[in-house]
Amino acid sequence: MVPINDLARALALQREDLHRAIDAVLARGRLVHGPEHAAFERDLAACVGVAHAVGVASGTDALELALRAVRTDGRDVVVTVANAGGYASVAARRAGLRVRYCDVDPGTHLLDPAHLAGVLDAEVCAVVVTHLYGRLADVAAVRAVVEPWGAAVIEDCAQAFGAVRGGARGGVHAGSLGDAAAFSFYPTKNLGALGDGGAVTTDRADVAARVTRLRQYGWGEKYRIVDDGGRNSRLDEIQAAVLRYRMPLVAAGNARRREVIARYAAAAPASVRVLDAVGPEHAAHLAVVEADDAARLAAHLRTWGIMSEVHYPVPDHHQPAFLTEGRSPVSLPVTESLVGRVLSLPCFPELTDAEIERVCRALAAY
Ligand SMILES: *Cc1c(COP(=O)(O)O)cnc(C)c1O
């Protein structure tokens, strides 16, 4: 089978380097919030081009703590899209906030700034913009709509590490475009740890300070709780060391991911639209296609020995746990029209040329 992802391949290639990075941590004996973690926060801030990066335990925690940090009194609504896996909804609900949904653009599947205008009001504390599939969203357009309402803009960069507009040097990176940004280092992400991890990046000193307190019980200093709503959300020293080693490798990995998607796009028949991933603005996290009957395409690929997956099968406003009685049903025509139409194909840097070729032939034969 051609797998949708296979983490063992990168691990085999990197094994000695990873052992070296982990050994250095073991030799030092600092396991949490030590020198690797501090250096990782500095490396990440420099890489993203922001003043502050704060390590946390997962991408969902990053979203939750960023939301808690930007929240202002009297506003308790978060606006986000319903087609991005539910993470922002889970985070917002954990932060005690209500979620309102905005529809997406049919071409890119990203938040549609034109629809956003009709969703905002004075109750909204933040808009979460997801760089879905790795595509850098037009955050400036979102900010232009949001600013008159005084709400914050948070980027969800979980799928977009390394996406950059205007060249790697001096360019503008995903994670530097809003009031704050959330990253996930879940193992399958473009920058993955050997377990869970996350971070918040921001230029706002107040947001960085608040997230730094909230990730550790709300402590201002040890054992003094100055912020309510804190939790334990630490990124450990071993994961920080692994992430520091892997961070410089992501650019090449992203380029290879884009090459995979370009080859699928060239091979696909007219009935399968491959969402393009062209240039460094796209981190090419997922190779997503649109087809009239995604399940039929998935079955066809399976007969060719090719795995696929749906990102994501259930829009947030249809998730069973979020269906609140008595609430008027939300209408998101574009989001709903994509249900049953999207499918993700194998896409990771270590895919072999033979495997890519096999996916291409299967697409052409559909
Ligand atoms: C993976 C992901 C998250 C959540 O990250 P975790 O580290 O798994 O909590 C959030 N948003 C998006 C878009 C993701 O893909």
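Relevant structure appears above.
Residues numbered from 1 in each chain as written. Predicted model: local features only at pLDDT ≥ 70, side-chain atom pairs only at ≥ 80, totals over all residues. Heavy atoms only, no water.

Caption draft 1: Looking closely at the overall build of the protein. Of regular secondary structure, the protein possesses twelve helices and 14 strands. Over its C-alpha trace the protein gives a radius of gyration of 20 Å, about what one expects of a compact globule, namely 21 Å for 366 residues. With respect to the three principal axes, the spread of C-alpha positions in the protein is 65 × 55 × 40 Å. Within the span of the protein, comprising 366 residues, buried residues form 53% of the whole. (Helix = DSSP H or I, 4+ residues; strand = E, 2+ residues; numbered from the N terminus. Rg over C-alpha atoms; globule rule 2.2 N^0.38 Å. Buried < 20%, exposed > 50% of the residue type's maximum accessible area, 1.4 Å probe, protein only.)

Caption draft 2: Fine view of the packing of aromatic side chains. On inspection of all chains with the given rule, the structure shows six aromatic pairs. Taking 6.2 Å as the distance between ring centres and 80° as the angle between the ring planes, the aromatic pair formed by Y87 and Y312 counts as edge-to-face. Of this pair, Y87 sits in helix α4 (residues 87-94) while Y312 sits in the loop between α10 (294-303) and α11 (333-337), and the two are 225 residues apart along the sequence. Here W219 and Y223 contribute two aromatic rings whose centre-to-centre distance is 5.1 Å and whose plane-to-plane angle is 80°, an arrangement assigned as edge-to-face. Among the aromatic residues, ring-to-ring pairing joins F40, F161, F183 and F185 into one connected group. Across from the ring centre of Y87, 5.6 Å away, lies the NZ or CZ of K189, which sits over that ring. (Phe/Tyr/Trp six-rings, centres within 6.5 Å; stacked < 30°, edge-to-face > 60°. Lys NZ or Arg CZ within 6 Å of the ring centre and 35° of its normal.)

Caption draft 3: Looking closely at a nonpolar patch on the surface. Together, L7, L11 and L194 make up a nonpolar patch on the protein surface, roughly 210 Å² of accessible area in all. By the secondary structure assignment, L194 is in the loop between β8 (180-184) and β9 (198-202). (Patch = residues over 30% accessible without salt bridge, like charges linked within 9 Å, V, L, I, M, F, W, Y side chains within 5 Å. Areas by Shrake-Rupley, 256 points an atom, 1.4 Å probe, with all protein chains shown as cover. Salt bridge = Lys/Arg side-chain N within 4 Å of Asp/Glu carboxyl O.)

Caption draft 4: Expanded view of the sheet that holds strand β12 (residues 272-274). A sheet is described by the order of its strands in space; here three strands give the open sequence β12-β13-β14, paired in antiparallel fashion. Among the strands making up the open sheet, the edge pair consists of β12 and β14 (342-345). Going from strand to strand, the sheet's axes swing by 35° on average, the running direction of each strand aside. Two elements, β12 and strand β13 (residues 287-291), share three bridges in a ladder whose sense is antiparallel. Bridged to R273 within β13 is E290. Relative to β12, helix α9 (residues 250-267) is tilted by about 155°, and along the sheet it contacts β12, β13 and β14. (Pairing = 2+ DSSP bridges. Axes fitted to C-alpha atoms, helices over the stretch in contact; angles between N-to-C directions. Contact = heavy atoms within 4.5 Å.)

Caption draft 5: Local environment of unusual backbone geometry. Look at the link from H311 to Y312: it is a cis peptide, with omega at 10°. Even without glycine at this site, A284 takes up a positive phi of about 50°. Along the chain, the position of A284 falls in the loop between β12 and β13. By relative accessible area, A284 is classed as buried at 0%.

Caption draft 6: View of the nonpolar core. Judged by nonpolar contacts, the single largest core of 54 residues is most densely connected at L44, V79, L116, V127 and F185. When contributions to this core are tallied by element, the ones reaching two or more residues are α2 (35-48), β2 (77-81), β4 (124-130), α6 (139-146), β8 and α8 (237-246). Broken down by element, the residue count for this core peaks at four residues, all from α2. Discounting residues that sit within four places of it in the chain, L44 has contacts with A53, F161, F185, A199, T201 and M247. (Core = buried A, V, L, I, M, F, W, Y, C linked by side-chain atoms within 4.5 Å.)

Caption draft 7: Summary view of the side chain of D227. Here D227 lies in the loop between β11 (224-225) and α8. Side-chain polar atoms of D227 contact the side chain of R213, separated by 2.4 Å. If sequence neighbours within four positions are ignored, D227 has contacts with R210, R213, L214, Y217 and G218. (Polar contact = N/O pair within 3.5 Å; in protein donor to acceptor, adjacent residues only side chain to side chain.)

Caption draft 8: Molecular detail of the sheet that holds β8. Strand order across the open sheet formed by seven strands is β1-β9-β8-β5-β4-β2-β3, with mixed pairing between neighbours. The open sheet is flanked by β1 (52-56) and β3 (98-102), the only strands paired with a single partner. The average undirected angle you get between the axes of adjacent strands in this sheet is 25°. Here α4 sits on the sheet in contact with β2, β3 and β4, set at roughly 155° to β3.

Caption draft 9: Main features of the pattern of salt bridges. What the rule picks out here adds up to 31 salt bridges. As a salt-bridge pair, R94 and D61 come within 2.6 Å of each other at their nearest N and O atoms. You can see R94 sitting in helix α4 and its partner D61 sitting in helix α3 (residues 59-70), a full 33 residues away along the chain. R341 is paired through a salt bridge with D292; the nearest N and O atoms lie 2.8 Å apart. Taken as a pair, R341 in the loop between α11 and β14 and D292 in the loop between β13 and α10 lie far apart in primary sequence, 49 residues in all. For R341, a relative accessible area of 23% corresponds to the partly exposed category. Beyond isolated ion pairs, a larger network of salt bridges with shared partners links D61, E64, R68, R94 and R231.

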